[in-house]
Amino acid sequence: HLSIRRQRQMCKETDFVWYGFSACITGVTTSQTYYVGIGADNEYRLVLDGQEILNTYTPTTSGSTNNFRYWNVYPVQLDAGNHSLELYGMNDPGAD
């Protein structure tokens, strides 16, 4: 049986590392604003077509718990065509 403290030490290599996934968005026929809702522990960033459009991490906000206490909704403008959307999350151990 491992103690909580020991488990935390084993997980340290996952702190401050961006993990994420990507999705191809196809069949967008009309340019319009879409809304993306995100709740994450702790920080997150959103990349559209290779360009970062949102990043909540800054050294001054590090440790905040607001990103996972609230549902955050952001407008994203998509033009007609196909797109690549990437979403990443990062654990900040200072936000326990």
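Residues numbered from 1 in each chain as written. Predicted model: local features only at pLDDT ≥ 70, side-chain atom pairs only at ≥ 80, totals over all residues. Heavy atoms only, no water.

Mapped onto the elements of the fold, Glu 86 is located in strand E6 (residues 81–90). A polar contact is formed between the side chain of Glu 86 and the side chain of Tyr 88, at a distance of 2.4 Å. Look past the residues within four positions of Glu 86 in its chain and what remains in contact with it is Phe 21, Ser 22, Arg 45, Leu 46 and Val 47. (Helix = DSSP H or I, 4+ residues; strand = E, 2+ residues; numbered from the N terminus. Polar contact = N/O pair within 3.5 Å; in protein donor to acceptor, adjacent residues only side chain to side chain. Contact = heavy atoms within 4.5 Å.)

Under the counting rule described, the total for this entry stands at one salt bridge. Measuring nitrogen to oxygen at the nearest pair gives 3.6 Å for the salt bridge that ties Glu 52 to Arg 45. The partly exposed category is assigned to Glu 52, whose relative accessible area is 44%. (Salt bridge = Lys/Arg side-chain N within 4 Å of Asp/Glu carboxyl O. Buried < 20%, exposed > 50% of the residue type's maximum accessible area, 1.4 Å probe, protein only.)

Our next topic: a nonpolar patch on the surface. Residues Tyr 35, Trp 71 and Val 73 make up a contiguous nonpolar surface patch of roughly 420 Å² in combined accessible area. Structurally, Trp 71 can be placed in the loop between helix H2 (66–69) and strand E5 (72–78). (Patch = residues over 30% accessible without salt bridge, like charges linked within 9 Å, V, L, I, M, F, W, Y side chains within 5 Å. Areas by Shrake-Rupley, 256 points an atom, 1.4 Å probe, with all protein chains shown as cover.)

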